[in-house]
Amino acid sequence: MSAFDLPWLVADIGGTNARFGLVTSLGARPSNVAVLAGADYDTLPEAVAAYLAEHAGGVRPGAACLAVAGPIDGDRYRLTNSTWAGSVRDLDVPYARLLNDFEALAVSLPHLEGDDLVSLGGPDPAHGVKAVLGPGTGLGVGGLVPTEHGWTPIPGEGGHVTVPVVDQRELEIVRVLQSEGLPHVVAEHVLSGPGLVRLHRALAQVNGVTAPDLTSSDIVARLDDSLCAETVEVFCGMLGCFAGNVALTLGARGGVYLGGGVLPRIVERVRTSSFRTRFAANPDMPGYLAAIGTALIVAPQPALTGAAAWLSQRARRELVS
(Lines give C-alpha, C1' and ligand atoms only; values in the text may rest on other atoms or scores of the structure.)
Protein backbone atom coordinates (compact mmCIF):
# COMPACT_ATOMS: atom_id res chain seq x y z
CA MET A 1 0.00 0.00 0.00
CA SER A 2 1.28 3.47 -0.89
CA ALA A 3 0.42 6.99 0.23
CA PHE A 4 -3.08 8.21 -0.68
CA ASP A 5 -4.36 4.75 -1.59
CA LEU A 6 -7.99 4.60 -0.53
CA PRO A 7 -9.59 4.26 1.92
CA TRP A 8 -8.39 7.09 4.15
CA LEU A 9 -8.78 7.33 7.89
CA VAL A 10 -10.05 10.59 9.38
CA ALA A 11 -10.42 11.33 13.07
CA ASP A 12 -11.49 14.01 15.52
CA ILE A 13 -9.74 13.33 18.82
CA GLY A 14 -11.15 15.25 21.78
CA GLY A 15 -10.54 15.15 25.48
CA THR A 16 -13.55 12.88 26.04
CA ASN A 17 -14.37 11.12 22.77
CA ALA A 18 -12.49 9.97 19.69
CA ARG A 19 -14.51 10.11 16.47
CA PHE A 20 -13.41 8.15 13.42
CA GLY A 21 -14.51 7.73 9.83
CA LEU A 22 -13.40 6.38 6.45
CA VAL A 23 -13.14 8.21 3.14
CA THR A 24 -13.69 5.71 0.33
CA SER A 25 -13.52 8.00 -2.71
CA LEU A 26 -11.92 11.35 -3.54
CA GLY A 27 -14.15 14.20 -2.36
CA ALA A 28 -16.58 11.96 -0.47
CA ARG A 29 -17.79 12.68 3.04
CA PRO A 30 -16.69 10.22 5.73
CA SER A 31 -18.58 6.94 6.19
CA ASN A 32 -18.38 4.18 8.83
CA VAL A 33 -18.40 6.91 11.47
CA ALA A 34 -17.97 5.68 15.05
CA VAL A 35 -17.45 7.45 18.38
CA LEU A 36 -15.19 5.76 20.93
CA ALA A 37 -14.77 6.83 24.54
CA GLY A 38 -11.18 7.96 25.07
CA ALA A 39 -11.14 6.59 28.63
CA ASP A 40 -11.50 3.06 27.24
CA TYR A 41 -8.05 3.17 25.62
CA ASP A 42 -4.62 3.92 27.02
CA THR A 43 -3.26 5.39 23.78
CA LEU A 44 -4.42 6.82 20.47
CA PRO A 45 -2.93 3.90 18.44
CA GLU A 46 -5.02 1.50 20.54
CA ALA A 47 -8.18 3.45 19.77
CA VAL A 48 -7.32 3.58 16.05
CA ALA A 49 -6.70 -0.18 15.98
CA ALA A 50 -10.03 -0.82 17.72
CA TYR A 51 -11.91 1.38 15.26
CA LEU A 52 -10.34 -0.25 12.19
CA ALA A 53 -11.00 -3.75 13.53
CA GLU A 54 -14.51 -3.23 14.89
CA HIS A 55 -16.04 -0.56 12.65
CA ALA A 56 -14.07 -0.56 9.38
CA GLY A 57 -13.76 -4.24 8.49
CA GLY A 58 -10.06 -4.39 9.31
CA VAL A 59 -9.02 -2.23 6.33
CA ARG A 60 -5.57 -0.66 6.13
CA PRO A 61 -5.80 3.04 5.22
CA GLY A 62 -3.32 4.55 2.79
CA ALA A 63 -3.58 7.97 4.36
CA ALA A 64 -4.85 9.51 7.57
CA CYS A 65 -5.66 12.97 8.88
CA LEU A 66 -6.23 13.26 12.60
CA ALA A 67 -7.63 16.40 14.21
CA VAL A 68 -6.53 16.55 17.85
CA ALA A 69 -7.69 18.79 20.69
CA GLY A 70 -4.37 20.31 21.60
CA PRO A 71 -1.23 21.83 20.15
CA ILE A 72 0.77 19.85 17.62
CA ASP A 73 4.46 19.96 16.81
CA GLY A 74 5.22 18.36 13.46
CA ASP A 75 4.28 14.70 13.80
CA ARG A 76 3.82 14.90 17.56
CA TYR A 77 0.70 15.64 19.62
CA ARG A 78 -0.30 16.03 23.25
CA LEU A 79 -3.97 16.42 24.05
CA THR A 80 -4.77 19.29 26.39
CA ASN A 81 -7.49 17.44 28.32
CA SER A 82 -6.29 13.84 28.02
CA THR A 83 -3.18 11.79 28.73
CA TRP A 84 -2.80 10.78 25.09
CA ALA A 85 0.49 11.91 23.57
CA GLY A 86 2.90 10.59 20.96
CA SER A 87 3.69 10.64 17.25
CA VAL A 88 1.30 10.12 14.37
CA ARG A 89 4.00 7.88 12.89
CA ASP A 90 3.07 5.31 15.51
CA LEU A 91 -0.07 4.55 13.47
CA ASP A 92 2.03 2.95 10.68
CA VAL A 93 0.01 4.59 7.90
CA PRO A 94 1.90 5.51 4.68
CA TYR A 95 0.75 9.17 4.81
CA ALA A 96 -0.45 10.48 8.17
CA ARG A 97 -0.80 14.10 9.26
CA LEU A 98 -2.06 15.99 12.28
CA LEU A 99 -4.29 19.05 12.49
CA ASN A 100 -5.50 20.94 15.51
CA ASP A 101 -9.18 20.02 15.96
CA PHE A 102 -10.40 23.55 15.27
CA GLU A 103 -8.05 23.80 12.31
CA ALA A 104 -9.95 20.84 10.83
CA LEU A 105 -13.26 22.44 11.79
CA ALA A 106 -12.16 25.58 9.96
CA VAL A 107 -11.38 23.56 6.81
CA SER A 108 -14.92 22.17 6.92
CA LEU A 109 -16.59 25.59 6.71
CA PRO A 110 -16.74 25.94 2.88
CA HIS A 111 -18.31 22.47 2.76
CA LEU A 112 -21.19 23.25 5.15
CA GLU A 113 -24.53 24.40 3.78
CA GLY A 114 -28.25 24.46 4.38
CA ASP A 115 -29.28 22.52 7.45
CA ASP A 116 -25.65 22.22 8.57
CA LEU A 117 -25.88 25.75 10.01
CA VAL A 118 -28.25 27.74 12.23
CA SER A 119 -28.05 31.54 12.09
CA LEU A 120 -27.27 33.31 15.36
CA GLY A 121 -27.78 36.78 13.95
CA GLY A 122 -26.25 39.26 11.57
CA PRO A 123 -26.00 39.01 7.80
CA ASP A 124 -25.33 35.76 6.00
CA PRO A 125 -21.63 34.87 6.31
CA ALA A 126 -19.68 36.42 3.44
CA HIS A 127 -16.45 35.67 1.62
CA GLY A 128 -13.40 36.65 3.61
CA VAL A 129 -11.52 35.53 6.69
CA LYS A 130 -13.65 33.21 8.81
CA ALA A 131 -13.38 32.33 12.50
CA VAL A 132 -14.56 29.19 14.23
CA LEU A 133 -14.75 28.59 17.96
CA GLY A 134 -16.64 26.47 20.39
CA PRO A 135 -16.94 24.91 23.83
CA GLY A 136 -16.58 21.20 24.41
CA THR A 137 -14.29 19.52 26.92
CA GLY A 138 -12.17 22.62 26.27
CA LEU A 139 -12.61 25.81 24.23
CA GLY A 140 -11.27 25.69 20.69
CA VAL A 141 -10.48 28.52 18.27
CA GLY A 142 -9.37 28.51 14.65
CA GLY A 143 -9.48 30.59 11.49
CA LEU A 144 -9.74 30.19 7.73
CA VAL A 145 -8.07 32.58 5.29
CA PRO A 146 -8.83 32.79 1.53
CA THR A 147 -5.70 32.73 -0.66
CA GLU A 148 -5.03 32.40 -4.38
CA HIS A 149 -4.51 28.66 -3.83
CA GLY A 150 -7.76 28.12 -1.88
CA TRP A 151 -8.50 28.20 1.81
CA THR A 152 -5.73 28.09 4.43
CA PRO A 153 -6.59 27.15 8.03
CA ILE A 154 -5.09 28.91 11.03
CA PRO A 155 -4.65 26.85 14.21
CA GLY A 156 -4.50 28.51 17.60
CA GLU A 157 -4.99 28.16 21.33
CA GLY A 158 -7.32 31.11 21.78
CA GLY A 159 -9.38 29.31 24.40
CA HIS A 160 -6.62 30.02 26.91
CA VAL A 161 -6.78 33.82 26.72
CA THR A 162 -7.92 35.68 29.82
CA VAL A 163 -11.63 35.30 30.49
CA PRO A 164 -13.81 38.17 29.16
CA VAL A 165 -15.79 39.93 31.91
CA VAL A 166 -17.82 43.12 31.46
CA ASP A 167 -20.17 43.46 34.42
CA GLN A 168 -20.19 43.14 38.19
CA ARG A 169 -21.78 39.69 38.27
CA GLU A 170 -19.13 38.25 35.96
CA LEU A 171 -16.39 39.91 38.00
CA GLU A 172 -17.78 38.31 41.15
CA ILE A 173 -17.84 34.92 39.41
CA VAL A 174 -14.16 35.29 38.53
CA ARG A 175 -13.34 36.24 42.13
CA VAL A 176 -15.06 33.09 43.37
CA LEU A 177 -13.07 30.97 40.94
CA GLN A 178 -9.85 32.69 42.01
CA SER A 179 -10.65 31.91 45.65
CA GLU A 180 -11.05 28.27 44.66
CA GLY A 181 -7.53 28.01 43.28
CA LEU A 182 -7.65 29.54 39.79
CA PRO A 183 -5.54 32.69 40.23
CA HIS A 184 -5.59 33.37 36.46
CA VAL A 185 -9.01 32.52 35.06
CA VAL A 186 -8.90 31.87 31.32
CA ALA A 187 -11.83 31.65 28.93
CA GLU A 188 -11.81 27.85 28.82
CA HIS A 189 -12.31 27.70 32.59
CA VAL A 190 -15.89 28.96 32.12
CA LEU A 191 -16.68 28.53 28.40
CA SER A 192 -16.60 24.74 28.17
CA GLY A 193 -18.49 21.73 29.47
CA PRO A 194 -16.50 21.74 32.73
CA GLY A 195 -16.82 25.53 32.66
CA LEU A 196 -20.61 25.27 32.92
CA VAL A 197 -20.12 23.33 36.15
CA ARG A 198 -17.76 26.01 37.49
CA LEU A 199 -20.17 28.77 36.50
CA HIS A 200 -23.08 27.03 38.22
CA ARG A 201 -21.12 26.57 41.44
CA ALA A 202 -19.76 30.13 41.39
CA LEU A 203 -23.16 31.68 40.66
CA ALA A 204 -24.62 29.83 43.62
CA GLN A 205 -22.02 31.51 45.85
CA VAL A 206 -22.57 34.91 44.25
CA ASN A 207 -26.33 34.57 44.79
CA GLY A 208 -25.90 33.25 48.32
CA VAL A 209 -27.75 29.99 47.68
CA THR A 210 -26.98 26.32 48.10
CA ALA A 211 -27.00 24.25 44.92
CA PRO A 212 -26.43 20.56 44.27
CA ASP A 213 -23.40 19.38 42.34
CA LEU A 214 -24.58 18.96 38.74
CA THR A 215 -22.95 17.87 35.50
CA SER A 216 -23.00 20.13 32.46
CA SER A 217 -25.69 17.88 30.94
CA ASP A 218 -27.82 18.29 34.07
CA ILE A 219 -27.42 22.07 33.98
CA VAL A 220 -28.58 22.51 30.38
CA ALA A 221 -31.44 20.01 30.87
CA ARG A 222 -33.03 21.64 33.94
CA LEU A 223 -35.15 24.24 32.18
CA ASP A 224 -37.28 24.98 35.26
CA ASP A 225 -34.33 25.54 37.62
CA SER A 226 -33.65 29.28 37.95
CA LEU A 227 -29.97 28.88 38.83
CA CYS A 228 -29.37 26.53 35.90
CA ALA A 229 -31.18 28.94 33.58
CA GLU A 230 -29.06 31.83 34.85
CA THR A 231 -25.92 29.75 34.38
CA VAL A 232 -26.75 29.08 30.74
CA GLU A 233 -27.57 32.76 30.12
CA VAL A 234 -24.29 33.95 31.68
CA PHE A 235 -22.46 31.29 29.66
CA CYS A 236 -24.02 32.49 26.39
CA GLY A 237 -23.37 36.15 27.16
CA MET A 238 -19.70 35.60 27.99
CA LEU A 239 -19.39 33.41 24.89
CA GLY A 240 -20.76 36.27 22.79
CA CYS A 241 -18.15 38.65 24.19
CA PHE A 242 -15.41 36.10 23.58
CA ALA A 243 -16.61 35.48 20.00
CA GLY A 244 -16.56 39.23 19.32
CA ASN A 245 -12.97 39.38 20.56
CA VAL A 246 -12.01 36.53 18.21
CA ALA A 247 -13.74 38.26 15.29
CA LEU A 248 -11.81 41.47 15.93
CA THR A 249 -8.51 39.65 16.38
CA LEU A 250 -8.78 37.72 13.12
CA GLY A 251 -10.66 40.36 11.13
CA ALA A 252 -13.28 37.67 10.49
CA ARG A 253 -15.58 39.59 8.16
CA GLY A 254 -16.37 36.28 6.44
CA GLY A 255 -18.32 35.12 9.46
CA VAL A 256 -17.93 33.62 12.91
CA TYR A 257 -18.99 30.01 13.28
CA LEU A 258 -19.62 28.20 16.55
CA GLY A 259 -19.00 24.48 17.01
CA GLY A 260 -18.03 22.16 19.82
CA GLY A 261 -20.01 19.62 21.77
CA VAL A 262 -22.02 21.89 24.08
CA LEU A 263 -23.93 24.32 21.85
CA PRO A 264 -25.80 21.90 19.52
CA ARG A 265 -27.68 20.72 22.63
CA ILE A 266 -29.00 24.22 23.39
CA VAL A 267 -29.50 25.79 19.96
CA GLU A 268 -32.70 27.71 20.73
CA ARG A 269 -31.40 28.93 24.08
CA VAL A 270 -28.30 30.35 22.38
CA ARG A 271 -30.47 32.04 19.74
CA THR A 272 -32.67 33.74 22.36
CA SER A 273 -29.82 34.59 24.73
CA SER A 274 -27.68 37.72 24.91
CA PHE A 275 -25.03 36.04 22.72
CA ARG A 276 -25.54 38.25 19.66
CA THR A 277 -26.00 41.45 21.67
CA ARG A 278 -22.79 40.80 23.56
CA PHE A 279 -21.01 39.83 20.34
CA ALA A 280 -21.52 43.30 18.85
CA ALA A 281 -21.28 45.28 22.10
CA ASN A 282 -17.65 46.36 21.77
CA PRO A 283 -17.67 50.11 22.52
CA ASP A 284 -15.11 50.99 19.86
CA MET A 285 -16.16 48.71 16.97
CA PRO A 286 -19.92 48.00 17.20
CA GLY A 287 -20.56 48.68 13.50
CA TYR A 288 -17.71 46.42 12.44
CA LEU A 289 -19.06 43.55 14.52
CA ALA A 290 -22.71 44.15 13.60
CA ALA A 291 -21.76 43.53 9.94
CA ILE A 292 -20.35 40.07 10.74
CA GLY A 293 -22.66 37.08 10.51
CA THR A 294 -22.68 34.45 13.24
CA ALA A 295 -23.83 30.85 12.82
CA LEU A 296 -23.93 27.66 14.84
CA ILE A 297 -22.66 24.44 13.24
CA VAL A 298 -25.16 21.62 13.76
CA ALA A 299 -23.80 19.23 11.10
CA PRO A 300 -22.80 15.84 12.49
CA GLN A 301 -19.03 15.36 12.87
CA PRO A 302 -17.91 18.49 10.94
CA ALA A 303 -14.24 18.06 11.95
CA LEU A 304 -14.25 14.72 10.11
CA THR A 305 -15.55 16.55 7.04
CA GLY A 306 -12.70 19.04 7.42
CA ALA A 307 -10.06 16.31 7.79
CA ALA A 308 -11.43 14.58 4.68
CA ALA A 309 -11.38 17.85 2.71
CA TRP A 310 -7.80 18.48 3.83
CA LEU A 311 -6.70 15.03 2.59
CA SER A 312 -8.55 15.48 -0.70
CA GLN A 313 -6.77 18.79 -1.28
CA ARG A 314 -3.38 17.18 -0.64
CA ALA A 315 -4.17 14.17 -2.82
CA ARG A 316 -5.20 16.38 -5.76
CA ARG A 317 -1.91 18.30 -5.47
CA GLU A 318 -0.03 15.00 -5.57
CA LEU A 319 -1.95 13.89 -8.66
CA VAL A 320 -1.21 17.19 -10.45
CA SER A 321 2.49 17.06 -9.63
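Here the structure is a predicted model, which is why all the values come from computation and not from measurement.

Can you walk me through the packing of aromatic side chains in this structure?
The way to describe two aromatic rings as a pair is by their centre distance and the angle between their planes. Inspection of the entire model under this criterion finds four aromatic pairs. Seen from their ring centres, phenylalanine 4 and tryptophan 8 are 6.2 Å apart, and the 75° between their planes marks the pair as edge-to-face. On the numbers, 6.3 Å between centres and 25° between planes, the contact of phenylalanine 275 with phenylalanine 279 is stacked. Taken together, the residues span about one helical turn, with phenylalanine 275 and phenylalanine 279 both in helix H8 (residues 275-279) at a distance of four residues. Residue phenylalanine 275 is classed as buried on the basis of its relative accessible area, which comes to 1%. Aromatic ring contacts, followed pair by pair, group Phe4, Trp8 and Tyr95 into a single cluster. For arginine 97, the ring lying beneath its charged end belongs to tyrosine 95, and the centroid distance is 4.1 Å.

I keep staring at the packing of helix H3 (residues 168-179) against helix H4 (residues 193-207) and nothing clicks. Help me out?
Any two packed helices are characterised by how steeply their axes cross, that is the angle between the axes, and by the distance between the axes. At a closest axis distance of 9 Å, the pairing of H3 and H4 adopts a crossing angle of 105°. On the basis of their axis angle, the class for H3 and H4 is roughly perpendicular. Each of Arg169, Glu172, Ile173, Val176 and Leu177 in H3 lies in contact with H4, whose residues at this interface are Arg198, Leu199, Ala202, Leu203, Gln205 and Val206.

Hey, could you run me through the UniProt feature "binding site: ATP" (unreviewed entry) in the protein in this one?
In the UniProt entry, the feature "binding site: ATP" (unreviewed entry) is given for Ala11, Asp12, Ile13, Gly14, Gly15 and Thr16. Relative to the elements of secondary structure, alanine 11 occurs in strand E1 (residues 8-13). A residue is classified by how much of its surface remains accessible, and alanine 11, at 0% relative accessible area, is buried. Here alanine 11 is in contact with Arg19, Phe20, Cys65, Leu66, Ala67 and Leu304, once residues within four sequence places are set aside. Once residues within four sequence positions are removed from consideration, aspartate 12 is found in contact with Asn17, Ala18, Arg19, Ala67, Asp101, Ala303 and Leu304.

Rules used in this analysis
- Along each chain, numbering runs from 1 in the same order as the chain's sequence is written.
- The predicted origin of the model limits local features to residues at a pLDDT of at least 70 and limits the giving and counting of side-chain atom pairs to 80 or more, whereas totals for whole chains, interfaces and linings rest on all residues.
- Note that water and hydrogens are dropped before the side-chain values are worked out from all heavy atoms of the structure.
- A pair of Phe, Tyr and Trp rings is counted when the ring centres sit within 6.5 Å of each other, with Trp represented by its six-membered ring. The angle between the planes then sorts it: under 30 degrees is stacked, over 60 is edge-to-face, the rest tilted.
- Helix numbers and strand numbers start at the N terminus; a helix is a DSSP run of H or I with at least 4 residues, a strand a run of E with at least 2.
- Burial classes follow relative accessibility: with a 1.4 Å probe on protein chains only, a residue under 20% of its type's maximum area counts as buried, one over 50% as exposed, and anything between as partly exposed.
- To sit over a ring, a charge needs its Lys NZ or Arg CZ within 6 Å of the ring centre and within 35 degrees of the ring normal.
- To obtain an axis, a line is fitted to C-alpha atoms, over the contacting stretch when the element is a helix, and the angle between two such axes runs from 0 to 180 degrees between their N-to-C directions.
- By definition in this entry, angles of less than 35 degrees are roughly parallel, angles greater than 145 are roughly antiparallel, angles of 65 to 115 are roughly perpendicular, and the rest are oblique.
- By definition in these notes, contact holds between two residues if any of their heavy atoms fall within 4.5 Å.
- UniProt positions are given in the numbering used here, feature names are shortened, and annotations may be inferred rather than shown by experiment.

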